[in-house]
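# Residue-level structural notes
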Amino acid sequence: MDRLHWLQLVTSLIGLFLFLKGFLVLRKTVEKKSECQDRPVLPLHDHNKGDCWMQRPVKNDTKIVLLIVDALRIDMAVPDLTDGSNYRNKLNFLHEQFTKDPRHNVLMRFVADPPTATTQRLQGLLAGTLPAFVEIGGSFSETALILDNWLSQYLYAGRTKSGQESNNNNEKKRLHFYGDDTWTHMFPFMHEQSRGRVEGYPSFHLFDLHTVDGNIKREMFPVLESRDYDMLIAHFLGHDHCGHKFGPKHVECGKKLLEMDDVIRRVHQTLTPKDILIVIGDHGMTDEGDHGGVSWKEVSSVFFMSCPQCNFLDYQQFRKQRSALVGSGDHVLVRDDYLIESMNQVDLVPTLSLLLGLPIPYGNLGTVALDIIPGNSDFHLDAIRVNAHQVRRFLQNESDLRNMGKFWEELILIDDDPSVDEYQRWLHAVFEHCKLTWATFDGTLMNVGILISFVPVLNMFMANGDIRASVIALIHALLQTTTSFVVFEDDVVRFLLTSLIFSNTEIHLKNKLLIMLLVRLTKHIGGCREEQYPYCNTMNHRNVSLFAFLALFGVCAIVYARRIIHNQSMLFSYMLLLIWWLSWWAVDNG
């Protein structure tokens, strides 16, 4: 390699480094766990009677049912007789309960933090954290969540007595889970640490609207009727898949919402006055059925809670004050005298933790929703205070956060004159600061990196005298600045590659047609990403994918048979590729 090539390589690496430094938001993963005996601050009032950080505000034998309806948007749960859309006026049960008995039922807009994809949302819903682009931790597990979360705390509490872990299987919590197998990948400990049944079903068969939901109903209702559970979690996928396949305005999505309405009604009928039902969505969806972005419809989901032990009416005025504090300003009018307030998804973590008498997960950034936790003003003050100091302790271990000194000074002043409102303001300010720190890219570094990286590439093409390739490379680079072309980059690359091949006069027409055919066949090999729907239709068509690959493989083998036979290394490569693909296909089909 001559000096010019070395210079091009070094220049490319410098450009890549600058781009990644501006683009990849790095965050150190704190793997510490909260423990009952290690409270971040002592309570101001004596409410701790043998429980953990706080006295459990509901009865110890309370059963919890958590239903997740994937991609359930808030307006899908709010009736509007003037709107004839198929997604309206179908899932009415939540609104009916909220308006009929607001003392024991609450309905809120559940605000997700982007990206609005299921894996990141589950991390926020269980650990209370904001997903950075890259998290650096001590575990190299591909999918398991290593952060402290309320689910692991709940199961751990069932295995401990007086601070000592017990190996007695009868002392484990009876947790049942049915639904999206993302849960079993992220929380593999559910299998070993609970006495209940844990069943995860494949979540990427986007054309299938009913199999997962049907399996959940078949397994869930016998357990509910037998009452042989402490907590039951079910994650329904059919509505999300319907949105991707048809869009929310399609009649099939209306049918799926009717089905979910019937499911929730049946679940509610199995519960007793001691039980709590929570229904949430992990994110919303656009009018095209997509999600992953930051639009209002993508981040606006549903939170519903039915708790006969609670008294939500006592805190209606408090809810209005809280909504003003967080500055949401987004209300959905249900009736003249009812407004749906907003609640951040990460707020579920400290809320559910204290409701169950658990320590708040170590890395939580959410604010406890005092308006849905039973208790008097002293209890609420202690709850929000312990929440604030839990966040303070976590962030003091985050080495990548700057300018936090002012927040510590403010917290000291608030501790001198404790106030629920001031603690809430402080927690909200810290949360917004973390969002800004972990989700802001350095555009200048990214642009400089792109320009530096492109110089040696352009020089290489110009040196070879191929102006067409230089122009194609430039077009491809510029297209990366638009979201639509990034989402459909595979189609863009096929088009540019076909154009480059067809315009090359040095390639024989027969070879041009062959190469263009092979490029076209690649469209049927692989799968679609969720954000490509409804304009992509190869997801999980395994037989078509296998046929396309074998056709591509066979054409190449026939055309170049003579060369392959006389070239052992090429023959070996072809056989290895064939064996690998067939092995993958066999494993993927079980």
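First, a word on what this report is: a plain description of the structure on this page. (Residues numbered from 1 in each chain as written. Predicted model: local features only at pLDDT ≥ 70, side-chain atom pairs only at ≥ 80, totals over all residues. Heavy atoms only, no water.)

### Considerations on the packing of aromatic side chains
Under the counting rule described, the total for this entry stands at six aromatic pairs. An angle of 45° between the planes, with centres 5.4 Å apart, marks the rings of F110 and F303 as tilted. On the criterion of sequence distance, the pair formed by F110 in strand β3 (residues 105–111) and F303 in strand β11 (residues 300–306) is long-range, its members being 193 residues apart. Pairing Y362 with F394 gives two aromatic rings, centres 6.4 Å apart and planes at 85°, and the pair type is edge-to-face. Taken together, the residues Y362 in the loop between α12 (348–355) and α13 (377–395) and F394 in helix α13 connect sequence positions 32 residues apart. F394 carries the same exposure label as Y362, and that label is buried. In textbook terms, an aromatic cluster arises when at least three aromatic residues are bridged by ring pairs, as seen for F177, W183, F187 and F189. The ring of Y87 has R73 sitting right over it, with the charged end atom 4.9 Å from the ring centre. (Phe/Tyr/Trp six-rings, centres within 6.5 Å; stacked < 30°, edge-to-face > 60°. Helix = DSSP H or I, 4+ residues; strand = E, 2+ residues; numbered from the N terminus. Buried < 20%, exposed > 50% of the residue type's maximum accessible area, 1.4 Å probe, protein only. Lys NZ or Arg CZ within 6 Å of the ring centre and 35° of its normal.)

### Regarding helix α15 (residues 420–438)
The end-to-end C-alpha separation of α15 is 27 Å, in line with the 27 Å expected for 19 residues at 1.5 Å each. When α15 is considered as a whole, its buried residues turn out to be V420, Y423, Q424, W426, L427, V430, F431, H433, C434 and W438. Structurally, the start of α15 carries an N-cap: the backbone nitrogen of D421 is 3.4 Å from a side-chain oxygen of S419. (Expected span 1.5 Å × (residues − 1). Polar contact = N/O pair within 3.5 Å; in protein donor to acceptor, adjacent residues only side chain to side chain.)

### A short note on the sheet that holds strand β2 (residues 64–69)
Strand order in the open sheet formed by eight strands is β8-β7-β9-β2-β10-β11-β3-β14, and the pairing between neighbours is mixed. A single partner strand is all that each edge strand has here, and the edge strands are β8 (198–201) and β14 (342–344). Between one strand and the next, the sheet's axes are offset by a mean angle of 15°, whatever the strand orientation. Note: β2 against strand β10 (residues 276–280), five bridges, orientation parallel. Across the sheet, residue V65 finds its bridge partner in β10, namely L277. (Pairing = 2+ DSSP bridges. Axes fitted to C-alpha atoms, helices over the stretch in contact; angles between N-to-C directions.)

### A few points about the state of the cysteines
Scanning the entire structure with this criterion turns up two disulfides. Here C36 pairs with C52 through a disulfide, and the sulfurs are 2.0 Å apart. For the disulfide bridge between C36 and C52, the dihedral angle about the S-S bond is near -115°, and by the sign convention the bridge is left-handed. Of this pair, C36 sits in the loop between β1 (26–28) and β2 while C52 sits in the loop between β1 and β2, and the two are 16 residues apart along the sequence. Taking the relative accessible area as the measure of exposure, C52 reaches 3% and is therefore buried. Across the disulfide from C307 sits C310; the S-S distance is 2.2 Å. Sign of the S-S torsion, about 70° for the bond between C307 and C310, identifies this disulfide as right-handed. Relative accessible area serves as the criterion here: at 0%, C307 is assigned to the buried category. (Disulfide = S-S within 2.5 Å.)

### Description of helix α7 (residues 211–226)
Helical periodicity: at 3.6 residues per turn, an α-helix aligns residues three or four positions apart in one direction. Under the 1.5 Å per step criterion, the end-to-end length of α7 is 24 Å for 16 residues, consistent within 8% with the ideal 22 Å. By the burial criterion, the buried members of α7 are V212, D213, N215, I216, E219, M220, F221, V223 and L224. Buried residues belonging to α7 abut β2, β7 (175–180), β8, β9 (231–236), α8 (238–246) and α9 (251–269). Once α7 ends, the next one or two residues include R227, with phi positive near 60°. (Contact = heavy atoms within 4.5 Å.)

No statement about biological role is implied by the geometric values presented.
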